[in-house]
Amino acid sequence: MANDDLTVAVLGPGGVGGLLAALLARTGHRVVCLAGDKTVQALRENGIRVSSGRYGPFTARVAADTRLREPADVVFVTVKHTALDVALERVPADELAEDALVVPLLNGVEHPAVLRERYGAGRLAPAVIRVESTRVAPGVIEHDSPFVEIDLTGESVARERLDRLTGALEWAGVRVRVLDGEAAALWAKMVFLAPFALLTTRYGVPLGEVRTRYREELAALVEETTAVALAAGAATDPAVALAAGAATDPAVALAAGAATDPAVALARYDLLPAEMKSSMQRDAEAGRALELDAIGGALLRAAERHGVAAPVATRLVRELRWSFLDA
C-alpha cells in the first residue's frame, strides 16, 4: 500500500500512542502529540525515544502541544478510559479535517458512543491493538512484544479512508486488518481482556498463578464473558480467528474471536508467558486509577442488557471496587 503523507494527532503519547507516533513520524508523516505541559516540553526537546527488539532503538522527532491547533487527517485516541473526558478537550471537533478519522484504541466497548456524539459517526473508526509497550518516562517508550497488530473497523467510514490509514501504518511496520463489524472486534478483545484484568488485579498475581491457583475461577469467568460476548455480537467462527494470525501471537486467536469455545480460551491463556501482568494490575500496583468500569462495569452492563448470568464477574468487580475504589 502507498504511504500517503498524513497529519496525525496522537492524544495520549504513552506506551501505545507514543510507539505509534514514533513509528509514523520516522516514515515521514507529520505527527502532533497532545498531552500535558511536562510531556509536551519533553517531546519538543527530545522527541520520542523507542527501545524495541522489533524496530531497534531510534528517536523520532514529533510536534507536541496541549491542544490540537491545526487540521488533522487522523486522531489516535490512546489515553486511559479514566482520563478520556478530560483528554478530549484537547481535540476540538472543528480542528479536524472534514474527512478525518478518529481512531480510538481504548480498552472496553462503550467508548465509541461517546466519540460518535462528539465527532460524528462519519469520522469514527474504532480499533483494537495487540502490543506490549510501556512509557517509562515522558517521551521514552519500551516496546517488548515482537508484534504490533491492529484490527480496524469503520462501518460509517468510506473504505478508501481506512485503506489510506492502513497503508501508512503498514509502511511503518504495523500489521493491520480491516474488519467488518465493530461489535465483533471490540468484544473479541474483551473476551481475552476481562478475565485477565479482573483476576490478575483482584489477586495481585501474574497470569501464571491465575491459571494454576485460580484456574477454576478463570474457567468460570471465561465462560461468562464468552456468553456475554456472543450475545453482544462477537465473532463466532474460531477457524476465521485462527487463520487471522495466531502464528505471530498466541493471544491473537483468542483476542480475535476463537474464545467462543471456553476450552480454546483456556488453552490460549496457557500459551502466554507466566510472568505476564495486565495493564489494570500494573495501574493498581502504581496507585493509578483503574479502568474497572470500562472493563468490568461494561461487561456487567452488557450481561444485564442481554440477560446473561455473570456471578463470578459480578463478585470480582464488587471486590475490586471495595479494595481500590472505596478504600
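What comes next concerns the included structure. All residue numbers refer to positions counted from 1 along the written sequence of the respective chain. In keeping with the predicted nature of the model, local features appear solely for residues at pLDDT of at least 70, side-chain atom pairs appear and are counted solely at 80 or more, and the whole-chain, interface and lining totals rest on all residues. Working from all heavy atoms in the structure, the side-chain values ignore hydrogens and water.

## Structural notes on the pairing of strand E6 (residues 72-77)
Extensive coverage of E6 is indicated by the burial of five of its six residues. By this definition, two strands are paired if DSSP reports at least two bridges between them. The helix and strand labels rest on DSSP assignments: H or I over at least four residues marks a helix, E over at least two residues marks a strand, and numbering proceeds from the N terminus. Here four bridges tie strand E1 (residues 7-11) to E6, and the two strands are oriented parallel to one another. Bridge pairing links Val8 to Val74 in E6. As paired strands, E6 and strand E7 (residues 96-104) are joined by five bridges and run parallel to one another. Buried means the residue's accessible area, taken with a 1.4 Å probe over protein chains only, is under 20% of the maximum for its type, while exposed means over 50%, and partly exposed covers the values in between.

## What to know about the pattern of salt bridges
Throughout this description, the term salt bridge denotes a Lys or Arg side-chain nitrogen within 4 Å of a carboxyl oxygen of Asp or Glu. Tallied over the entire structure, the rule returns 22 salt bridges. Arg116 is paired through a salt bridge with Glu182; the nearest N and O atoms lie 2.3 Å apart. Separated by 66 residues along the polypeptide, Arg116 in helix H4 (residues 111-119) and Glu182 in helix H6 (residues 182-203) bring together distant segments of the chain. Among the charged side chains, a network of salt bridges with common partners joins Arg130, Glu149, Asp151, Arg175 and Arg177.

## Topic: the nonpolar core
As used here, the term nonpolar core means buried Ala, Val, Leu, Ile, Met, Phe, Trp, Tyr and Cys residues forming a set that is joined through side-chain atoms within 4.5 Å. By size, the foremost hydrophobic cluster in this structure holds 46 residues, and its most contacted members are Trp187 and Tyr269. Top element by residues in this core is H6. It accounts for eleven residues. Discounting residues that sit within four places of it in the chain, Trp187 has contacts with Val109, Val228, Ala229, Ala232, Ala234, Leu299 and Ala302. Leu19, Val31, Leu165 and Ala168 belong to the second-largest nonpolar core, a separate cluster that totals 43 residues. The contact rule is simple, with two residues in contact once any of their heavy atoms fall within 4.5 Å.

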